[in-house]
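Working through the structure, step by step
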Amino acid sequence: MYRTVLAFGVASLTASPGCSSNDSDIAGRAIVTLKGETLTLDTGNNGKRVVNEDDDWGTVCGVGSEADVFLMNTSQNIRFAWIWVSSVPDDINVSVRIDGDDYSAVCDVTSTIVSEEPYKANFSVEPCGLKRVFDDAPARLESAFFHVASCEDDG
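Here we summarise the structure given alongside this text. (Residues numbered from 1 in each chain as written. Predicted model: local features only at pLDDT ≥ 70, side-chain atom pairs only at ≥ 80, totals over all residues. Heavy atoms only, no water.)

Turning next to the overall build of the protein. Assigned secondary structure in the protein consists of one helix and twelve strands. From first element to last, N terminus to C terminus, the protein shows the α and β order α-β-β-β-β-β-β-β-β-β-β-β-β. Taking the intrachain contacts of the protein between residues at least 6 apart in sequence as the baseline, contacts between residues at least 24 apart amount to 53%. Split by element, the accessible area of the protein, about 7,700 Å² in all, is 48% carbon and sulfur. (Helix = DSSP H or I, 4+ residues; strand = E, 2+ residues; numbered from the N terminus. Contact = heavy atoms within 4.5 Å. Areas by Shrake-Rupley, 256 points an atom, 1.4 Å probe, with all protein chains shown as cover.)

Next comes the structure, spelled out in structure tokens:
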């Protein structure tokens, strides 16, 4: 199932113009609260450790008129399994999976390109309310930041 979600993320990113890669280097951390409990998705060392698909992670980044980052912990029994963040401001641009349920929202996302060749960028997300897809049950993204690199041109 985790690979299915990763494949969906890769397909979504590769369908957009620009470049994307499913072997991206990503460092970062996201914190979500759900029913008073704090859940963290952290690549390690307080979000400073770089991971890629060769580790226990699925990673995707996309570049173009929109910038995207997708980070998924592929380990078993992880409650906060993945996060997807996009720079698109007026549409759902943050989604997470917690306990097998998807939550999403339109949040304030900042993406800054650090380098074009090789591609590197920073993403940050302001705190925002998330809603579970099928019944609008609430969760809250407290913070999220990512540094992405190795986003290769698929063309």
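Let us now look at the environment of Ser86. With respect to the helices and strands, the residue Ser86 is situated in strand 6 (residues 80–86). According to the relative accessible area criterion, Ser86 is buried, its value standing at 2%. For the pair Ser86 and Cys61, spaced 25 residues apart in sequence, the C-alpha to C-alpha distance is 9.6 Å. For Ser86, the residues in contact, after removing those within four places along its chain, are Ala67, Asp68, Asn93 and Val109. A distance of 3.4 Å separates a polar atom in the side chain of Ser86 from a polar atom in the side chain of Asp68. (Buried < 20%, exposed > 50% of the residue type's maximum accessible area, 1.4 Å probe, protein only. Polar contact = N/O pair within 3.5 Å; in protein donor to acceptor, adjacent residues only side chain to side chain.)

Okay, the packing of aromatic side chains next. Across all of its chains, the model carries one aromatic pair by this definition. Between Phe70 and Trp82, the aromatic rings sit 5.5 Å apart at their centres with planes inclined by 40°, giving tilted as the arrangement. Of this pair, Phe70 sits in strand 5 (residues 68–73) while Trp82 sits in strand 6, and the two are twelve residues apart along the sequence. Each member of the pair, Phe70 together with Trp82, is buried. (Phe/Tyr/Trp six-rings, centres within 6.5 Å; stacked < 30°, edge-to-face > 60°.)

To continue, consider the nonpolar core. By size, the foremost hydrophobic cluster in this structure holds 35 residues, and its most contacted members are Phe80, Ile83, Val85, Phe123, Leu130, Leu141 and Phe146. With five residues, the top contributor of residues to this core is strand 12 (residues 138–149). With near-sequence residues (within four places) excluded, Ile83 lies in contact with Ala30, Leu41, Val69, Phe70, Leu71, Ser95, Val96, Leu141, Ala144 and Phe146. Counting five residues, the second largest nonpolar core, distinct from the first, contains Phe70, Met72, Ala81 and Trp82. (Core = buried A, V, L, I, M, F, W, Y, C linked by side-chain atoms within 4.5 Å.)

Another point: the pattern of salt bridges. By the definition in use, this model includes six salt bridges. As a salt-bridge pair, Asp99 and Arg79 come within 2.7 Å of each other at their nearest N and O atoms. One end of the pair, Asp99, is in the loop between strand 7 (94–98) and strand 8 (101–105); the other, Arg79, is in the loop between strand 5 and strand 6, and 20 residues separate them in sequence. With relative accessibility at 32%, the residue Arg79 sits in the partly exposed group. Close ionic contact of Arg97 with Asp102 constitutes a salt bridge, the shortest N to O distance being 2.6 Å. What makes Arg97 buried here is its relative accessible area of 12%. Several salt bridges converge on common partners, so that one network encompasses Glu37, Arg79 and Asp99. (Salt bridge = Lys/Arg side-chain N within 4 Å of Asp/Glu carboxyl O.)

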